[in-house]
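# Observations on the model geometry
Here's the letter readout for the chains.
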Amino acid sequence: MIYILTLKYIRPPEEVRAHIDTHRHWLAQHIQAGRILAAGPLEDRSGGLVIATCSNRAELDGMIAEDTFVVHQVAEVSVQSFEPTIRAPALPQQWAMSAAVVAAPAL
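From a predicted model like this one, the values you see are computed outputs, not experimental measurements.

A few words now on the pairing of strand E3 (residues 47-53). Here E3 lies mainly inside the structure; five of its seven residues are buried. Alignment of strand E1 (residues 2-9) against E3, held across seven bridges, turns out to be antiparallel. Its bridge partner lying in E3, Tyr3 is registered against Ala52. The turn linking strand E2 (residues 36-41) back onto E3 is made up of five residues, and Arg45 within it adopts a positive phi angle of 60°.

Here it is, written out as structure tokens:
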């Protein structure tokens with residue numbers, strides 16, 4: 001299952017900045033473990049977006065609970081999930097096990 005996490009800052013920017021380094025460490029830890037594919041701030045800087053995969057929602061919830069933005073209540077997290085049915089060849093198969101690959105046409 002792929003999860004899209006949207007983080008919305010709910011505290012002043014200086015409080016968010018106080019936890020940015022530990023939040024980035026949390027992201028790196030889960031990237032290295034293969035659970036986060038990509039993450040970054042929203043264009044308007046009101047929060048961020050994380051693309052993650054976990055075996056189930058309980059695993060995801062445990063991961064989210066460790067994020068310092070959540071621990072220190074500087075961001076709210078909303079979660080959407082989906083199971084890919086098609087994917088580009090560049091998306092690793094382990095992120096979309098049952099998805100059919102749609103390749104670009106040959107030139």
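Back to the write-up after that little detour.
Over the atoms a probe the size of a water molecule is rolled, and this reveals where empty space is left. The calculated volume of the largest pocket comes to roughly 330 Å³. Forming the boundary of the largest pocket are 18 residues, of which Tyr9, Ile20, Pro41, Gly47 and Phe69 lie nearest the centre. Looking at the lining of the largest pocket, the elements with two or more residues in it are E1, helix H1 (13-17), helix H2 (20-32), E2 and E3. Among the residues making up the lining of the largest pocket, the classes are represented as 11 nonpolar, four polar and three charged.

Moving on to the side chain of Asp67. Along the polypeptide, Asp67 turns up in the loop between helix H3 (57-65) and helix H4 (68-71). Here Asp67 sits buried without a salt bridge, and the closest side chain of opposite charge, Arg24, lies 11 Å off (N-O distance). Within the structure, the side chain of Asp67 is placed 3.1 Å from the backbone nitrogen of Phe69, a separation counted as a polar contact. Contacts of Asp67, omitting those with residues within four sequence positions, involve Leu7, His23 and Trp26.

So, about the pattern of salt bridges. Tallied over the full model, the rule gives two salt bridges. Among the ionic pairs, Arg11 bridges to Glu15, the shortest N-O distance being 3.0 Å. For Arg11, a relative accessible area of 39% puts it in the partly exposed group. We classify Glu15 as partly exposed; its relative accessible area is 29%.

Each value, and the rule that gives it
Residues numbered from 1 in each chain as written. Predicted model: local features only at pLDDT ≥ 70, side-chain atom pairs only at ≥ 80, totals over all residues. Heavy atoms only, no water. Buried < 20%, exposed > 50% of the residue type's maximum accessible area, 1.4 Å probe, protein only. Helix = DSSP H or I, 4+ residues; strand = E, 2+ residues; numbered from the N terminus. Pairing = 2+ DSSP bridges. 1 Å grid on protein atoms, 1.4 Å probe; cavity = no way out; pocket = protein on both sides within 12 Å on 5 of 7 lines; lining within 4 Å. Points joined across faces, edges and corners; volume = space filled by probe spheres on them. Nonpolar A, V, L, I, M, F, W, Y, C, P; charged D, E, K, R; others polar. Lys, Arg positive; Asp, Glu negative; His and termini not counted. Salt bridge = Lys/Arg side-chain N within 4 Å of Asp/Glu carboxyl O. Polar contact = N/O pair within 3.5 Å; in protein donor to acceptor, adjacent residues only side chain to side chain. Contact = heavy atoms within 4.5 Å.

These figures capture arrangement, not role.
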